[in-house]
Amino acid sequence: MDFAGAYSPENLKFLMEGLGMTLYVAFFAIIFSFVIGCFAGVIRYMKIPVLSQVLAVVVEILRNLPLLLIIFFVQFAVPQISFFGIQFKFTIPVGAIIALTLFEAAMISEIVRAGLNSIPKGQVEAARSSGLGTVQTLWHIVLPQGLRRMVPPLVSQFISLLKDTSLAVIVALAELMHNAQIIMGQNHNYPIPILLLVAMIYFVVNYTLSLISRRLETRTV
Amino acid sequence: MSNKKRFSLLLVCMMALVMVLGACSTTKTNPSGGSAESNTAAQLDQIKQRGKLIVGVKYDTKLFGLKDPGSGKVEGFDVDMAHALAKSILGDESKVELKEVTSKTRIPMLNNGDVDMVIATMTITDARKKEVDFSDVYFQAGQSLLVKKGSPIQGIEDVTADTTILAAKGATSIDNIEEKVPGVKVLEFDNYQDAFNALKAGQGEALTTDDAILYGMAAQDPNYEVVGKPFTDEPYGIAVKKGQTGLVEAINKGLTDMKADGSYDELYKKWIGKAPESK
Amino acid sequence: MLDFSILIEYFPDYMEGFLNTIQASLIALVGSFILGTIIAVFRITGIKPLQWLGTAYVEFIRNIPILIVVLFFYLGLPSLGARLDGFQAGTLGLTVYTSAFIAEAIRAGILSVPKGQMEAARSSGMSYIQSMLHVILPQAIKLVIPPLSNQFINLIKNSSVLTIVAGLDLMYFADSINGDSYATVSTYIFTGMFYLILTLPMSYGSHVLERRLAKSS
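Thresholds applied
Residues numbered from 1 in each chain as written. Chains lettered and ligands numbered in written order. Predicted model: local features only at pLDDT ≥ 70, side-chain atom pairs only at ≥ 80, totals over all residues. Helix = DSSP H or I, 4+ residues; strand = E, 2+ residues; numbered from the N terminus. Buried ≥ 20, exposed ≤ 12 C-beta atoms within 10 Å, placed from the backbone. Contact = placed C-beta atoms within 7 Å. Nonpolar A, V, L, I, M, F, W, Y, C, P; charged D, E, K, R; others polar. Domains from an automatic or database assignment. Pairing = 2+ DSSP bridges. Axes fitted to C-alpha atoms, helices over the stretch in contact; angles between N-to-C directions. UniProt positions renumbered as here; feature names shortened; annotations may be inferred. Parallel < 35°, antiparallel > 145°, perpendicular 65-115°, else oblique. Left-handed = near helix turned anticlockwise from the far one by under 90°. Arc of directions from axis to C-beta. Core = buried A, V, L, I, M, F, W, Y, C linked by C-beta atoms within 7 Å. pLDDT = per-residue confidence, 0-100.

**Some remarks on the overall build of chain C**
No. 1: In terms of helices and strands, chain C carries 9 helices and 0 strands.
No. 2: Reading the helices (α) and strands (β) of chain C from amino to carboxyl end gives α-α-α-α-α-α-α-α-α.
No. 3: In terms of overall dimensions, chain C has C-alpha extents of about 70 × 50 × 25 Å along its principal axes.
No. 4: Classification of the 217 residues of chain C by burial places 47% in the buried group.
No. 5: Looking at chain C alone, contacts between residues at least 24 apart form 74% of all its contacts between residues at least 6 apart.

This is the structure in structure tokens:
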């Protein structure tokens, strides 16, 4: 083991560049998957015909596949499929964002649906009978309460997402884990020091996220 | 809706999805499908128009393509090769954009048009020829032996049934050496680094694999050297998208010129440490 | 676009990977359940050092990627003198990673069993371990089955990281099939189907179980 060599300024800088890419990909994937997941969850909660069933199938398939497979498929198989004559091609970071978004949006839609379903039906009926429309009921009554309950599972999903960006090493996305592997490949005394350091980096970022969420929870309750 | 109903609905939908997928078309194995791409010089024209060569190289292979975390630069034989080809095709060796490929991603990236060519220690094989087009051989690798300097083993002829050979698991090199020297003792390791450590610890007399990889180890520790002539052929080629014969010709012309004006030998010497052996 | 000849031609490869994935998942399932239970009990014993150890373990592992855990066993252990192949390192990593999540689920389950029960068991002459094994755990298990079944689905999906350490799992064979056939689309769609064969019934089963448990309580 060679801690001094492994933690040379050049290596640390290289790891920080990787962290930058990890955060960049995670940031966009979190935003997109949250928006898409919310829409999908609401559609399924409202049981909009056809759309709801189609989503149910798509969500169930995405949720039950390994993310590794989805990342590889989006990057290298999708460009070979022609959708009615249109072909899609992505750079590596964009492909990773799309794959993560697809997978995490499926997870989030289930969280949203469960959160909405946890609001007692009586409240919905009361709101409706007081003259509110379906959308108004959802917006003013169900969503505000449901969102509060969704915060903890959502945050743990975002933490998963941040960790999951590391799986994009298989398409050689230059994120934290990938850069770590390049450094580890240079010297057989580096793996343990580098793995410890990288673990600490992920831990600090994720633990901060979960602390924020705990604060949010206590504030809203 | 009951659970059972829901599950059967899911099954039906999935089957429908499979059928739709089945009916869809892929453009795979049909790289000349697009009208623009049926032109065998399309890629070459595109490169010239762009004024830049996009080359897939490895970032983790010593001597051929290795990223230096300090400078952020990728360095190696394959990288220099890319610059030399940029000089030959575009007249300026700096007009190169490198993209990282791995053994797993290099062919998909080529077929999807992410890179113009792949220079990444890629052995020319018949199976790969069906997928991509190769240039002439730009590096003649072959299985060879790494020994401690001063070892009595100076080539495959010195290996006997009493010699202990170190190798990496799952590599074809094990079959090859067992075929050459029946009854030879082979110790298998998970990766080359472990095998090299075992050689240093004296657990065997020689380590065998592609000489290109062995040169990388010898560069790591000058007490070790690659001995003898390679006893198998691993010809490395530069891969381009299938059908792009215009680009292949341009690459081959670049290679021929490099060999003629001595810059190839220089490059070889720079990374491998000696002049290429003429076969 | 779906080329069934890939499935037929490479069926033995798919099968080998499929069986290895099942094997790795089963080993990790049993291992992570045992390890997770031990950690969960650590966290609720009230013995401070054990509690800290358990908390640190769970919080640390849950906040790092599984890939780090697997690479630690694969790349890190050799420099400490132990050597594991890709399958062993991958399965061990999978076990350790999943155990942290299982420990959390079990702890929540145990804590939801009323305190009075432990006191009653202890006062009727049982030792702490006896009351845990015979009174608390059997009740807690019922409560933790739904979150556990979720973890086991995750475990199967996560087993695909074995491919990164050449662990001979389904995803690893998918890559090698793709490297041979170059039929990327078909290769990975069939691979996905093999995963769904494992995960969909479990997901369906856990839905049913959840409902039944909700009804019975």
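The rest of the description comes next.
**Considering the overall build of chain B**
No. 1: When helices and strands are counted, chain B shows 10 helices and 14 strands.
No. 2: Looking at chain B alone, contacts between residues at least 24 apart form 66% of all its contacts between residues at least 6 apart.

**Some points on the interface of chain A and chain C**
No. 1: Listed by partner, the interface residues are 33 residues for chain A and 29 residues for chain C.
No. 2: At the level of elements, helix 3 (51-63), helix 4 (67-77), helix 7 (134-164), helix 8 (176-184) and helix 9 (191-220) of chain A are the ones that each hand at least two residues to the side of chain A that touches chain C.
No. 3: Of the residues forming the side of chain A that touches chain C, the biggest block, 9 residues, is contributed by helix 9 of chain A.
No. 4: Considered class by class, the residues forming the side of chain A that touches chain C number 25 nonpolar, 6 polar and 2 charged.

**Structural notes on the domain arrangement of chain B**
All names here are of chain B.
No. 1: For chain B, the assigned domains read domain 1 (42-140 + 236-272) and domain 2 (143-227).
No. 2: Contacts between the two partners involve 6 residues from domain 1, matched on the other side by 4 residues from domain 2.
No. 3: Broken down by class, the residue content of the side of domain 1 that touches domain 2 amounts to 4 nonpolar, 1 polar and 1 charged.

**Quick notes on the sheet that holds strand 8 (residues 132-141) of chain B**
Residue and element names in this part refer to chain B.
No. 1: Here 5 strands make up an open sheet; going across it, the order is 6-2-7-14-8 and the pairing mixed. One side of each edge strand has no neighbouring strand; the edge strands of this open sheet are strand 6 (96-100) and strand 8.
No. 2: Of the strand pairs in this sheet, strand 2 (residues 53-57) and strand 6 are connected by 5 bridges, and their pairing is parallel. From the neighbouring strand, V57 faces strand 6, where its bridge partner is E100.
No. 3: Across the face of the sheet, helix 9 (residues 245-260) comes into contact with strand 7 (117-118), strand 8 and strand 14 (234-241) while running at roughly 20° to strand 8.

**Focus: the pairing of strand 12 (residues 206-210) of chain B**
All names here are of chain B.
No. 1: Burial analysis of strand 12 places 5 of its 5 residues in the buried class, the great majority of the element.
No. 2: Where strand 9 (residues 143-148) meets strand 12, 4 bridges bridge the pair, whose relative direction is antiparallel. In the sheet register, L146 faces strand 12, and the bridge partner there is L207.
No. 3: In this sheet, strand 12 lies alongside strand 10 (residues 164-168) in parallel orientation, the contact comprising 2 bridges. Within strand 12, the residue paired with L166 across the bridge is L207.

**Some words on the environment of N223(B)**
Residue and element names in this part refer to chain B.
No. 1: In this fold, N223 is placed in the loop between helix 8 (211-220) and strand 13 (224-227).
No. 2: Given 9 C-beta atoms within a 10 Å radius, N223 is considered exposed.
No. 3: Contacts of N223, omitting those with residues within four sequence positions, involve K148 and K149.

**Quick look at the UniProt feature "transmembrane region" (unreviewed entry) in chain C**
No. 1: Following the UniProt record, one finds the feature "transmembrane region" (unreviewed entry) at residues 22-44, 56-75, 87-106, 151-173 and 185-204 of chain C.
No. 2: Taken end to end, residues 22-44 of chain C is 100% helix and 0% strand, and its two terminal C-alpha atoms sit 33 Å from one another.

**Some thoughts on unusual backbone geometry**
No. 1: Backbone geometry places V50(A), a non-glycine residue, at a positive phi of 60°.
No. 2: Take V50(A): there are 7 C-beta atoms within 10 Å of it, and that puts it in the exposed class.

**Section: the packing of helix 5 (residues 86-111) of chain C against helix 7 (residues 128-158) of chain C**
Residues and elements named next belong to chain C.
No. 1: Here helix 5 crosses helix 7 at 150°, and the two axes come no closer than 8 Å. Classed by the angle they form, the pair helix 5 and helix 7 counts as roughly antiparallel. Both helix 5 and helix 7 take part in a crossing whose hand is right-handed. When helix 5 is examined against helix 7, the residues L94, T98, F101, I102, A105, I106, G109 and I110 are found in contact with a partner set consisting of I136, A140, L143, V144, P147, L148, Q151, L155 and N158.

**Quick word on helix 7 (residues 192-200) of chain B**
Residue and element names in this part refer to chain B.
No. 1: Inspection of helix 7 places Y192, A195, F196 and L199 among the buried residues, and these make up the whole buried set. Buried residues in helix 7, looked at end-on, bunch into an arc of 100°, giving them a common side.
No. 2: In this structure, the buried residues of helix 7 make contact with strand 9, strand 10, strand 11 (185-189), strand 12 and helix 8.
No. 3: Count one or two residues on from helix 7 and you reach G202, which has phi positive near 75°.

**Concerning the nonpolar core**
No. 1: I71(A) and L146(B) are the most contacted members of the largest nonpolar core, which totals 200 residues.
No. 2: Of all the elements, helix 5 (residues 92-117) of chain A adds the most residues to this core, at 14 residues.
No. 3: Inspection of this core shows a minimum of three residues originating in each of domain 1 (42-140 + 236-272) and domain 2 (143-227) of chain B.

**Some details on the environment of S159(C)**
Residue and element names in this part refer to chain C.
No. 1: Mapping S159 onto the fold places it in the loop between helix 7 and helix 8 (170-181).
No. 2: Separated by 138 residues in the primary sequence, S159 and T21 place their C-alpha atoms 6.6 Å from one another.
No. 3: Excluding residues that lie within four positions of it along the chain, S159 makes contacts with T21, A24, S25, L94 and D169.

**Examining the confidence of the model for chain B**
No. 1: Residues at a pLDDT of 70 or more form 83% of chain B, whose mean pLDDT is 83.
No. 2: Below pLDDT 50 for its whole length, residues 27-37 of chain B participates in 18 contacts with residues either more than four positions away or in separate chains.

**Overview of the sheet that holds strand 5 (residues 74-75) of chain B**
All names here are of chain B.
No. 1: In spatial order, the strands read 3-4-5; together these 3 strands make up an open sheet with antiparallel pairing. Each edge of the open sheet carries a strand with a single partner, namely strand 3 (60-61) and strand 5.
No. 2: Pairing of strand 3 with strand 4 (residues 65-67), which is carried by 2 bridges, proceeds in the antiparallel orientation. Of the residues in strand 4, the one forming a bridge with T61 is G65.

**Quick look at the packing of helix 6 (residues 115-123) of chain C against helix 7 of chain C**
All names here are of chain C.
No. 1: Where helix 6 meets helix 7, the closest approach of the two axes is 10 Å, and the angle between their N-to-C directions is 135°. With respect to their mutual orientation, helix 6 and helix 7 come out oblique. Of the two elements, helix 6 crosses helix 7, and the hand of that crossing is right-handed. Taking contact as the criterion, the partners of Q117, M118, A121 and R122 in helix 6 are, on helix 7, S131, V135 and I136.
No. 2: Of the residues belonging to the contact of helix 6 with helix 7, the class tally is 4 nonpolar, 2 polar and 1 charged.

**Some remarks on the confidence of the model for chain C**
No. 1: Per-residue confidence for chain C gives a mean pLDDT of 90, with 99% of residues at or over 70.
No. 2: The ipTM, which scores confidence in the relative placement of chains, is 0.90 for this predicted complex, and the corresponding pTM is 0.84.

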